[in-house]
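Coordinates in review
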Amino acid sequence: MKAVWILALAAGLLAGCGGGGHGAKVVTVPAYGEHPAATVSGSYSAAECAKDARIFARDALTLVDHASANAAYPADLYYTIIRSDFADFEARSCGSKVLGAALRDGLTAGQRSVLVANLPKTMAQVVLDGLRKSG
């Protein structure tokens, strides 16, 4: 009987912690080359989403700079950085519009095109959606 009460109490506490969708979301960044898989967790915050979008845009500019054939070294390092930025953004369940606005503020139209061309399909879709919504 005591075990039943403990289980009921534990179930009640767990239900209270995860109710309403306010809990942390976990996103896994897959391994890439020598970079191991990583997990990122976060909860929605408008201020943190705006910050994450600015960081993504800043790092996207660096990725674009190293994506050309004239770059001193390849963009792989910046690709891994932007994947982590994107995972953080996704873990917070941020809307794509804030990402699009940050990219419009930080990159030219040509740079945004190069960025999208160098992103994986799923990430590119979110970026394009954000650019449409923020335009």
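Look up: the structure comes first, before these words.
**Re the overall build of the protein**
- Within the protein, the regular secondary structure consists of six helices and two strands.
- Listing the helices and strands of the protein from first to last along the sequence gives α-β-β-α-α-α-α-α.
- By the burial criterion, 33% of the 135 residues in the protein qualify as buried.
- Taking the intrachain contacts of the protein between residues at least 6 apart in sequence as the baseline, contacts between residues at least 24 apart amount to 65%.
- For the protein, the accessible surface area stands at approximately 8,100 Å², while carbon and sulfur atoms represent 60% of it.

**Structural notes on the nonpolar core**
- Grouped together as the largest cluster of nonpolar side chains are 26 residues, with contacts concentrated most on Phe56, Leu63, Leu99, Leu103, Leu115 and Val127.
- Secondary structure elements with two or more residues in this core: helix H2 (46–65), helix H3 (76–91), helix H4 (96–106), helix H5 (109–117) and helix H6 (121–134).
- It is H2 that contributes the most residues to this core, seven residues altogether.
- Discounting chain neighbours no more than four positions away, the residues touching Leu99 are Ala53, Phe56, Phe86, Phe89, Val126 and Val127.
- Residues Val27, Val29, Val40 and Ala87 belong to the second largest nonpolar core, which totals five residues.

**What about the pattern of salt bridges?**
- Going through the model one piece at a time under the given rule, you end up with six salt bridges.
- Two residues, Asp59 and Arg58, come together in a salt bridge whose shortest N-O distance is 3.1 Å.
- Take Asp59: its relative accessible area is 11%, and that puts it in the buried class.
- Between Asp129 and Arg132 there is a salt bridge, with its nearest N and O atoms 4.0 Å apart. With Asp129 and Arg132 both in helix H6 and three residues apart, this pair spans about one turn of that helix.
- By relative accessible area, which is 23% here, Asp129 ends up partly exposed.

**Let's talk about the layout of surface pockets**
- Taken as a whole, the largest pocket spans an internal volume of roughly 170 Å³.
- Along the walls of the largest pocket sit Val27, Thr28, Val29, Pro30, Arg83, Phe86, Ala87, Pro120, Thr122 and Met123, which together make up its complete lining.
- Only strand S1 (25–29), H3 and H6 provide two or more residues apiece to the lining of the largest pocket.

**So, the environment of Ser41**
- When you line up the elements, Ser41 lands in strand S2 (residues 38–42).
- In the structure, Ser41 is positioned 50 residues away from Ala91 in sequence and 5.4 Å away in space, judged by C-alpha atoms.
- In this structure, Ser41 is in contact with Ala24, Lys25, Val26 and Ala91, ignoring residues within four places of it in sequence.

**A closer look at the side chain of Asp52**
- By the element assignment, Asp52 lies in helix H2.
- Not counting chain neighbours up to four residues away, the residues in contact with Asp52 comprise Asp88, Phe89 and Arg92.

**Quick look at the packing of H2 against H3**
- Following both chains from N to C, one finds H2 and H3 inclined at 165°, their axes separated by 9 Å at the closest point. Put simply, H2 runs roughly antiparallel to H3. The crossing of H2 and H3 is left-handed. Between H2 and H3, the contacting residues are Cys49, Asp52, Ala53, Ile55, Phe56, Asp59, Ala60, Thr62 and Leu63 on the first element and Tyr78, Tyr79, Ile81, Ile82, Asp85, Phe86, Asp88 and Phe89 on the second.

Conventions adopted
Residue indices follow the written sequence of each chain, beginning from 1 at its first position. Per-residue local features of the predicted model are confined to residues with pLDDT of at least 70, and side-chain atom pairs are confined, for both listing and counting, to 80 or more; whole-chain, interface and lining totals are unaffected and use all residues. Working from all heavy atoms in the structure, the side-chain values ignore hydrogens and water. Helix numbering and strand numbering both begin at the N terminus, where a helix is a DSSP run of H or I of at least 4 residues and a strand a DSSP run of E of at least 2. Exposure categories follow from relative accessible area, calculated using a 1.4 Å probe and restricted to protein chains: below 20% of the type maximum is buried, above 50% is exposed, and the middle band is partly exposed. Working rule for contacts: check all heavy atoms of both residues, and any pair within 4.5 Å makes them a contact. Where accessible areas are quoted, they stem from the Shrake-Rupley method and a 1.4 Å probe; at the residue level, only the protein chains shown are allowed to cover. Among the buried residues, those of types Ala, Val, Leu, Ile, Met, Phe, Trp, Tyr and Cys that are joined through side-chain atoms within 4.5 Å form a nonpolar core. Every case where a carboxyl oxygen of Asp or Glu lies within 4 Å of a side-chain nitrogen of Lys or Arg is listed as a salt bridge. In the cavity and pocket records, a cavity denotes points on a 1 Å grid over the protein atoms alone where a 1.4 Å probe fits but cannot get out, a pocket denotes an open set with protein on both sides within 12 Å along at least 5 of 7 lines, and lining residues are residues with an atom within 4 Å of a point. Grid points are joined across faces, edges and corners, and a volume is the space filled by probe spheres set on the points. In this analysis, axes come from line fits to C-alpha atoms, helices being fitted only over the stretch in contact, and the angle between any two N-to-C directions falls in the range 0 to 180 degrees. Here roughly perpendicular refers to angles of 65 to 115 degrees, roughly parallel to angles under 35, roughly antiparallel to angles over 145, and oblique to all remaining angles. The handedness criterion is simple: a crossing whose near helix is rotated anticlockwise from the far helix by less than a right angle is left-handed, and one whose near helix is rotated clockwise is right-handed.

Spatial relationships are all this shows, so hold off on functional conclusions.
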